[in-house]
Amino acid sequence: MSNISLTILSRSSKPSHIFPLNLDLKESSTLLELKKAIHLKHKKLDTTRQRITTVDKKPLLDDKSSLSQLNVKNGDVLYVKDLGPQVSWRTVFLVEYAGPLFIHPFFYHMSSIIYRKPFEHSEMQRIAYILVLLHFFKREFETVFIHRFSNATMPFMNIFRNSAHYHLLSGFLIAIAIYGPWYSVEALKDSHRSNNGYLSFWIAFWLFNQISNFITHVKLRNLRPAGSTKRAIPTGYGFDWVTCANYFFEIGSWLGILGLTGSWAVAIFLLVSAGTMAKWAKKKDQNYRKEFGDKYPKSRRILIPYIW
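Not measured: the values here are computed from a predicted model. (Residues numbered from 1 in each chain as written. Predicted model: local features only at pLDDT ≥ 70, side-chain atom pairs only at ≥ 80, totals over all residues. Heavy atoms only, no water.)

Colleague: Summarise the UniProt feature "transmembrane region" (unreviewed entry) in the protein; cite the residues concerned and give the values.
Modeller: UniProt's feature table lists "transmembrane region" (unreviewed entry) at residues 164-185 and 197-216, given in the numbering used throughout. The span residues 164-185 is 68% helical and 0% strand by assignment, and the distance between its end C-alpha atoms comes to 32 Å. (UniProt positions renumbered as here; feature names shortened; annotations may be inferred. Helix = DSSP H or I, 4+ residues; strand = E, 2+ residues; numbered from the N terminus.)

What follows is the structure, encoded as structure tokens:
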């Protein structure tokens, strides 16, 4: 393999005494090795902070691919953007889901003090409390043992934005709304929400969607070998209906909590979450169809079976 000379420019508009960089590498060098070479010249610019793009702003994404595989040639000019301080996706997910695991117990067990009124929690409140905790314990388990991430890191500041969604909406908002005296034993004594058949139906509905969501996450994990960014078409158990079966069952599990509680707070969280997942699902569907072309099932919907 012959050597290639590259010119590296910064995407930043700020003046720099470091750029342009002139680097000599082998054609067989990987994108990661290019990033390491840049890091040697610019100590602040760790490999995880770099986004390398071509002159026409096409990003070079696979760190394990060689420069020749990425169509980088001798004499090319590439641009590097500083993405800022990074944090691992796994860390972000763990922090996101940890919030409700602390917030819900606080409001449930301190409810008499918080609402300044002694009352007995209803069976519905007790069930909702258990189901919410189980949901987020499951998410933490999946983060550690199931999920494989195509990108190792994300910008550090995203941890605050992402956590706010879970800590504020599924944490404080829902906890404040469902553990109050308005859902107590006394308040629900003549309500259908104290009926065992009604409660059992929504527990079963929630459980089906939680188990289904877990199965889809395992399927997605098995599509990507460890340490790989390989993409493949998911099939079976919901994926034959929609591109994002995992999102479909996630929405279903929160519909179960909404049916159980009838809480306006759960409805707000569900609407915000479903809207966000719909955007992600549409983008994933477009990417699958662009990447796999005619191999991708034309009849498959995006998020809602047979509808959208």
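Colleague: Which residues make up the pairing of strand 2 (residues 21-26), and what are the values?
Modeller: Covered by surrounding structure in strand 2 are Leu21, Leu23 and Leu25 only, the residues Asn22, Asp24 and Lys26 on the alternate face being uncovered. Both strand 1 (residues 3-10) and strand 2 contribute to a ladder of six bridges, which runs antiparallel. Looking at strand 2, one finds that Asn3 is bridged to Lys26. (Buried < 20%, exposed > 50% of the residue type's maximum accessible area, 1.4 Å probe, protein only. Pairing = 2+ DSSP bridges.)

Colleague: Explain the nonpolar core residue by residue, including any values.
Modeller: Counting 42 residues, the largest nonpolar core has Ile178, Tyr179, Trp254, Leu260 and Leu303 as the members making the most contacts within it. When near neighbours in sequence (up to four residues on either side) are disregarded, Ile178 contacts Gln125, Ala128, Tyr183, Thr261, Ser263 and Val266. Counting 19 residues, the second-largest nonpolar core is a separate cluster that includes Ile4, Leu25, Leu45 and Leu60. (Core = buried A, V, L, I, M, F, W, Y, C linked by side-chain atoms within 4.5 Å. Contact = heavy atoms within 4.5 Å.)

Colleague: Quick one: what's the story with the domain arrangement of the protein, residue by residue and with numbers?
Modeller: The assigned domain composition of the protein is domain 1 (3-84) and domain 2 (87-295). The gap between the C-alpha centroids of domain 1 and domain 2 is 39 Å. (Domains from an automatic or database assignment.)

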